[in-house]
Amino acid sequence: MKLSYSKAPFVYPYQKANLESFLDGHVRAFEYFGGVPQRIAYDNLKCAVIKVLKGKKRRLNKRFKELRAWYLFDTRFCNIAKGNEKGDVENCCKRSERTYLSPQPHVDGIDQLASKLFDDCQNDLKRKGPTVHGGKTIGELLEEEKDYLLPLQSQRFEACRRKSTFVDSHSLVRVDNVRYSVPVERAYHSCVIKAFVDKIMILCDHQVVAVHRR
């Protein structure tokens, strides 16, 4: 994610380009910037757009609509095959690959990579911003931009994918072809699975009965 005025970047690594990563990335970016942009531009990625309708209309993913309603931001979607309409973030992707990840960093796992990318984003705040702003740094411009960001909510959005299912006869539930255990007394019961980036949470009768690391 990249802000339009200050050009402040936020880059975070994920193992999969799935819905929970997409939602989690928003939450982390908003907390990093200290607020929520009033409007965000997107291409027509499947995590957000279920179907492209006529003109500017889109049928959106339910969880994405819930994220948008939670943080109260507006959206703008690019025309088909017109990624240049969100050129700031496209350039941010290319630059972060070229500067943050070249040469290839030696890290011990994705958590260490996330820490490195955080430091890279912080260092970028020291760079000069667009010349039109009179030589101010990106960090100084970000401080100005924060006055125009929407405030964060008092509670974090649950950045997860939800699924309703039943616990099988072996007291197991399946998520992405992996089986997770549930207390034996919950066999044959209905449950709700919350799939986060790093964990699987299983609820029965609105109570958490099991949590597993992914």
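Residues numbered from 1 in each chain as written. Predicted model: local features only at pLDDT ≥ 70, side-chain atom pairs only at ≥ 80, totals over all residues. Heavy atoms only, no water.

Participant: Break down the packing of aromatic side chains for me, citing the residues and quoting the values.
Facilitator: What the rule picks out here adds up to 14 aromatic pairs. Ring geometry for Phe-10 against Tyr-12: centres 6.4 Å apart, planes inclined by 10°, an arrangement best described as stacked. Residue class for Phe-10 comes out buried when judged on its relative accessible area of 11%. Between the aromatic rings of Phe-10 and Phe-33, the centroid separation amounts to 6.5 Å while the plane-to-plane angle is 70°, which identifies the pairing as edge-to-face. Within this pair, whereas Phe-10 is found in the segment before α1 (19-33), its partner Phe-33 is found in helix α1, the two being separated by 23 residues in sequence. The same class applies to Phe-10 as to Phe-33, namely buried. (Phe/Tyr/Trp six-rings, centres within 6.5 Å; stacked < 30°, edge-to-face > 60°. Buried < 20%, exposed > 50% of the residue type's maximum accessible area, 1.4 Å probe, protein only. Helix = DSSP H or I, 4+ residues; strand = E, 2+ residues; numbered from the N terminus.)

Participant: Account for the environment of Gly-25, naming residues and giving values.
Facilitator: Residue position: Gly-25 is located in helix α1. Along the sequence, Gly-25 and Lys-65 sit 40 residues apart, while their C-alpha atoms lie 15 Å from each other. Every residue in contact with Gly-25, bar those within four places of it in the chain, is listed here: Phe-10 and Tyr-14. (Contact = heavy atoms within 4.5 Å.)

Participant: Tell me about the sheet that holds strand β8 (residues 190-195), and name the residues and values.
Facilitator: Working definition: the strands of a sheet are paired by backbone hydrogen bonds and lie parallel or antiparallel to each other. The strand order across the open sheet built from four strands is β5-β8-β9-β10, with neighbouring strands paired in antiparallel fashion. Of all strands in the sheet, those bounded by a partner on one side alone are β5 (161-166) and β10 (207-213). Pairs of neighbouring strands in the sheet enclose a mean axial angle of 20°, with direction left out of account. Relative to β8, β5 is paired through six bridges, and the arrangement is antiparallel. The partner of Ser-164 across the bridge, within β8, is Val-192. (Pairing = 2+ DSSP bridges. Axes fitted to C-alpha atoms, helices over the stretch in contact; angles between N-to-C directions.)

Participant: Before we move on, could you go through the pairing of strand β1 (residues 39-42) and cite the residues and values that matter?
Facilitator: A one-sided burial pattern is seen for β1, the buried positions being Ile-40 and Tyr-42 and the unburied ones Arg-39 and Ala-41. In terms of strand pairing, β1 meets strand β4 (residues 74-77) through four bridges, oriented parallel. Each residue of the ladder has a partner; that of Arg-39, found in β4, is Asp-74.

Participant: Can you explain the nonpolar core? Please cite residues and give values.
Facilitator: Membership of the largest hydrophobic core comes to 19 residues, with the highest contact counts inside it found for Phe-22, Phe-64, Tyr-71 and Phe-73. Within the residue set of this core, elements represented by two or more residues are α1, β1 and α2 (62-71). Those residues in contact with Phe-22 that lie beyond four places of it in its chain are Tyr-42, Leu-45, Cys-47, Ala-48 and Phe-64. Counting 16 residues, the second largest nonpolar core, distinct from the first, contains Val-11, Cys-121, Leu-125 and Leu-149. (Core = buried A, V, L, I, M, F, W, Y, C linked by side-chain atoms within 4.5 Å.)

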